[in-house]
Amino acid sequence: MGRPLPHDLIAQASGLIAGDELKKAALDYSRAMREKVERDQGGLLSVFDGWFARVVRRLTEFDASRPWEESVRESAAQAQAYGDLQWDLLRLRLFLDRWRQGRFVTFAERERSQIHYHPRFGTEFGADVLLTCQGAPSLMRWRGQPLMKNVFDFAMYPALIAELRPRTIFEIGSGLGASAAWFADHMAFAGVAGRVHSVDRVKPALQHPLVSFYQGDCHAPERLFDPDLFAFEPHPWLVVEDAHQNVGGVLEQFHKYLSPGDYLVVEDSDIKRPALRGFLCAHPGDYLVDTRFADNFGRNATSAGDSIFVRTKADESVAADDGRRGE
Ligand SMILES: C[S@@+](CC[C@H](N)C(=O)[O-])C[C@H]1O[C@@H](n2cnc3c(N)ncnc32)[C@H](O)[C@@H]1O
């Protein structure tokens, strides 16, 4: 109880949403949340909904003419019980800072706001969760094969597939084949008639009626898949880069064929940020991070931190750069 905020967190929080803007965002979100709870959840509050409502109720009991940050800081100095409220206020500010940016955000904006989060992964988790979220000691499995996804991705991809309804999934880096089979099964669960094309240096032995496995090398990206697949496979596409080799070259190859509304997911992006920066600088305004999937379980609770991209239409990129809400 009453654990004070460390000084570095206080310093970083100074760049977050504050003052009247914070109060307005909190009230706007409270309204949106109430509507969502009635519309989508049959009136039942999630843990997060209940927490948010409680914190805002406590904060609105302070003198309305002063910023919440000031009131909470002073109260925490006087009474230990308010120490927890300092943490809750920080969590609230982090959440609302993201929420006000809207659903679709430029990669550059995501990198700028990374300062408030884990320095390498951009998440709000510590190293413990990151170390074990693929399963430790045992990986998750699908159709008997080890699946190299983390538990957040395990929930995120089915939601993405259900919303996007991709007719074609390209996977670069098959592993033992479990992820391609898992994607295909989720296409089928979503009632989508589609196909997964998955490539690796070593073709897996696993077989699945909706998956075609190929042997190929990221260092020859134009030959990763048959040119007819690039040209004729139906959209929307979901492209998942998970081989970690010649990432820039592979993304450039797909860029030639991606259509507006297609998704491009780059896994393990913490080690690929220079390649991503280069690729996105070469195609300004063409890709936006979809925070609905990147942040739904907490900021960047995915192995594809800041790298679940939607290929934009020209007018969408302008709207997002203006900072307008994408929902
Ligand atoms: C992280 S694993 C893929 C895991 C799998 N997608 C999953 O989620 O279960 C990376 C894969 O990339 C493949 N790979 C490495 N270098 C490659 C290259 N130059 N071209 C094609 N595949 C490559 C490896 O053989 C390995 O199977």
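Residues numbered from 1 in each chain as written. Predicted model: local features only at pLDDT ≥ 70, side-chain atom pairs only at ≥ 80, totals over all residues. Heavy atoms only, no water.

## A closer look at the overall build of the protein
Across its full length, the protein carries 14 helices and 10 strands. Taken over C-alpha atoms, the radius of gyration comes to 22 Å for the protein, in line with the 20 Å a tight globule of 327 residues would show. With respect to the three principal axes, the spread of C-alpha positions in the protein is 65 × 45 × 40 Å. Counting only residues that meet the buried cut, the protein has 51% of its 327 residues in that class. (Helix = DSSP H or I, 4+ residues; strand = E, 2+ residues; numbered from the N terminus. Rg over C-alpha atoms; globule rule 2.2 N^0.38 Å. Buried < 20%, exposed > 50% of the residue type's maximum accessible area, 1.4 Å probe, protein only.)

## Comments concerning the nonpolar core
Leu-238 and Phe-254 are the most contacted members of the largest nonpolar core, which has 54 residues in total. In this structure, Leu-238 is in contact with Tyr-157, Leu-160, Ile-161, Leu-164, Pro-166, Thr-168, Ile-169, Phe-170, Tyr-263 and Val-265, ignoring residues within four places of it in sequence. In this structure, Leu-22, Ala-25, Met-33 and Trp-51 belong to the second largest nonpolar core, which totals 21 residues. (Core = buried A, V, L, I, M, F, W, Y, C linked by side-chain atoms within 4.5 Å. Contact = heavy atoms within 4.5 Å.)

## Re the domain arrangement of the protein
The assigned domain composition of the protein is domain 1 (7–99) and domain 2 (104–321). For domain 1 versus domain 2, the separation of C-alpha centres amounts to 33 Å. Every contact between the two is made by five residues of domain 1 and, on the other side, seven residues of domain 2. Approximately 570 Å² of surface area, both sides summed, lies buried where domain 1 meets domain 2, with 49% of it carried by carbon and sulfur atoms. Counting the surface domain 1 buries against domain 2, the share from its top three residues, Gln-12, Leu-94 and Arg-98, is 84%. For Arg-98, the salt bridge goes to Glu-124, with nearest N and O atoms at 3.3 Å. In this assembly, domain 1 and domain 2 are joined by two residue pairs in polar contact (both at pLDDT 80 or more). (Domains from an automatic or database assignment. Buried area = accessible area lost by both parts, 1.4 Å probe. Salt bridge = Lys/Arg side-chain N within 4 Å of Asp/Glu carboxyl O. Polar contact = N/O pair within 3.5 Å; in protein donor to acceptor, adjacent residues only side chain to side chain.)

## Structural notes on the site of the ligand
Among the 18 residues in the neighbourhood of the ligand, the closest are listed as Lys-149, Gly-173, Asp-200, Asp-217 and Asp-242. Between an oxygen atom of the ligand and a side-chain N or O atom of Lys-149, the distance comes to 2.6 Å. Between the ligand and Ser-179 there is a distance of 3.1 Å, counted from a nitrogen atom to a side-chain nitrogen or oxygen. Taken by itself the ligand offers 600 Å² of open surface, and the protein chains cover 86% of this. Taken together, the residues of the shell around the ligand break down into four nonpolar, eight polar and six charged. (Near = heavy atom within 4 Å. Areas by Shrake-Rupley, 256 points an atom, 1.4 Å probe, with all protein chains shown as cover. Nonpolar A, V, L, I, M, F, W, Y, C, P; charged D, E, K, R; others polar.)

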